[in-house]
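Descriptive analysis of the structure
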Amino acid sequence: MQNQHTFFGFVIFMLVLTIIYYSHLEQHVEHVGTKMFYPHPYVSRHIRGNRSYALRVEDIFITVKTSKLFHTTRLTFIINTWFNQAKDQIFFVTDDDDIDLHLKTNGHVVNSHCGNTHELQDLSCKTGKEYDLFMTTNKKWWCHFDDDNYVNINALVKFLGTFNWQEDFYIGRRSVTRKFGGVFHKKYVKFIFATGGAGVCISSALAKKMSPWCKNGEFLKTSKHLKHNDDCTLGFIITNLLKVDLTLTKLFHSHLETLDTLNPASFSTQVTLAHGAPDNVIIINNNTTNTTVFNTDLDPSRFYSLHCLIFPGLPMCKISSEN
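In this text, all values refer to a predicted model and were calculated from it rather than measured experimentally.

**Digging into the packing of aromatic side chains**
A full pass over the atoms with the stated rule returns 16 aromatic pairs. The interplanar angle of 70° and the centroid separation of 6.1 Å between the aromatic rings of Phe294 and Tyr304 together place this pair among those described as edge-to-face. In this pair, Phe294 is assigned in the loop between strand 13 (272–274) and helix 10 (303–310) and Tyr304 in helix 10, connecting sequence segments 10 residues apart. Tyr304 gets classed as buried once you look at its relative accessible area, which sits at 11%.

See below:
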């Protein structure tokens, strides 16, 4: 009888500990659909474990959606900074031929033959081309970025290395916190999506499952049926049709945020940053860093100054400073 009392006492004790543990855990995780993920500061990590997956920059296929209108403005900031950290993995998907850009990027420019507007037809046409390009590779991850993004390549590799590319992962940041709605083939549908302006990464396992709605022009057709732009269409295909949850991260940023509120001390660990020059840019000056800071005439996007904060030893970081 005494042994029974001891056993039941032990069971009750363990139950109490378990309740306390999970009550504490609930305060420190984000719920996305039916999955739980650890939040910021560095990674949304799947709760099943802290395993790290071997990943190299060569395992990531990066596309940047742009337009010829921005070849000599926005793309100049990218080509002079983070493009050089992964020039063999980055392709610019645009809407016209450009021999100068072709030479600067060693041929990593793809004319999508889509239009140059910011309308559904042209945006989704380009994103469909990006998907088709990725599917011709054997890369583990596809990451889409816009031409106003700065990508910290080292942080991106480290970040994606915490996820299993052989599982279904759709990673990004939401700009709309509520569920989105639309009509698809006369049926009302709900979905969530990651804003394309902050960057989106998709595992190859998931990308393959997206094929019926994406490959060879199907993405544009899907987008037209849904009557929503490309980032919404990606979210619909993944979270509604394929029932895969969005993995949220606070390490991706877009011009839709108020960028001057971001802490400069965190810049080197962020995966993506952005600019909405000249009015919406990160704050980086001689009061926030002891690395080279360029004046706003030379560096309206603040990407040059940011690049020197992350890589202070580069030659470009020794030639000028803010006056």
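Having seen the structure, we can now continue with the description.
**Structural notes on the confidence of the model for the protein chain**
Regions with low pLDDT carry predicted coordinates that are not meant to be interpreted in detail. The share of residues in the protein chain with pLDDT of 70 or more is 83%, and the mean pLDDT across the chain is 87. Segment residues 2–48 is flagged for pLDDT under 50; beyond a separation of four residues in sequence, or across chains, it makes 60 contacts in the model.

**A look at the environment of Cys125**
Mapped onto the elements, Cys125 comes out in helix 4 (residues 120–134). Taking the C-alpha atoms as reference, Cys125 lies 8.2 Å from Gly115; in sequence the two are 10 residues apart. Setting aside residues up to four positions removed in sequence, Cys125 forms contacts with Cys114, Leu120 and Leu220.

**Thoughts on the packing of helix 4 against helix 8 (residues 218–226)**
Each pair of packed helices can be summarised by the angle the axes make with each other and by the distance between the axes. Between helix 4 and helix 8, whose axes approach to 8 Å, the crossing angle comes to 145°. Helix-helix and strand crossings are classified by hand; for helix 4 and helix 8 the assignment is right-handed. Between helix 4 and helix 8, the contacting residues are Leu120, Gln121, Ser124, Cys125, Thr127 and Gly128 on the first element and Phe219, Leu220, Ser223 and Lys224 on the second.

**Focus: empty space enclosed by the protein**
All told, the structure shown has 1 cavity of 30 Å³ or more when counted by the stated rule. If you add up the space inside the largest cavity, you get close to 30 Å³. Ranked by the residues each element gives to the lining of the largest cavity, the list is headed by helix 9 (residues 230–241), at 3 residues. Per-class residue counts for the lining of the largest cavity are 2 nonpolar, 3 polar and 2 charged.

**Regarding the layout of surface pockets**
When its volume is computed, the largest pocket comes out at roughly 550 Å³. Lys65, Arg74, His118, Leu123 and Asp146 are, among the 27 residues lining the largest pocket, the residues nearest its centre. Its residues assigned to classes, the lining of the largest pocket comprises 6 nonpolar, 12 polar and 9 charged.

**What about the pattern of salt bridges?**
Using the criterion set out here, one finds 10 salt bridges in the structure. Salt-bridge contacts for Lys140 lead to Asp59; the nearest nitrogen and oxygen are separated by 3.9 Å. Of this pair, Lys140 sits in the loop between helix 4 and strand 6 (141–146) while Asp59 sits in the loop between strand 2 (35–37) and strand 3 (60–65), placing them 81 residues apart in sequence. As a salt-bridge pair, Lys209 and Asp168 come within 2.8 Å of each other at their nearest N and O atoms. With a gap of 41 residues between them, Lys209 in helix 6 (residues 204–209) and Asp168 in the loop between helix 5 (153–160) and strand 8 (170–172) connect regions that are remote in the sequence. Under the relative-accessibility criterion, Lys209 is labelled partly exposed at 44%. Residues participating in the shared-partner salt-bridge network are Arg56, Asp59 and Lys140.

What counts, and at which threshold
- Residues numbered from 1 in each chain as written.
- Predicted model: local features only at pLDDT ≥ 70, side-chain atom pairs only at ≥ 80, totals over all residues.
- Heavy atoms only, no water.
- Phe/Tyr/Trp six-rings, centres within 6.5 Å; stacked < 30°, edge-to-face > 60°.
- Helix = DSSP H or I, 4+ residues; strand = E, 2+ residues; numbered from the N terminus.
- Buried < 20%, exposed > 50% of the residue type's maximum accessible area, 1.4 Å probe, protein only.
- pLDDT = per-residue confidence, 0-100.
- Contact = heavy atoms within 4.5 Å.
- Axes fitted to C-alpha atoms, helices over the stretch in contact; angles between N-to-C directions.
- Left-handed = near helix turned anticlockwise from the far one by under 90°.
- 1 Å grid on protein atoms, 1.4 Å probe; cavity = no way out; pocket = protein on both sides within 12 Å on 5 of 7 lines; lining within 4 Å.
- Points joined across faces, edges and corners; volume = space filled by probe spheres on them.
- Nonpolar A, V, L, I, M, F, W, Y, C, P; charged D, E, K, R; others polar.
- Salt bridge = Lys/Arg side-chain N within 4 Å of Asp/Glu carboxyl O.

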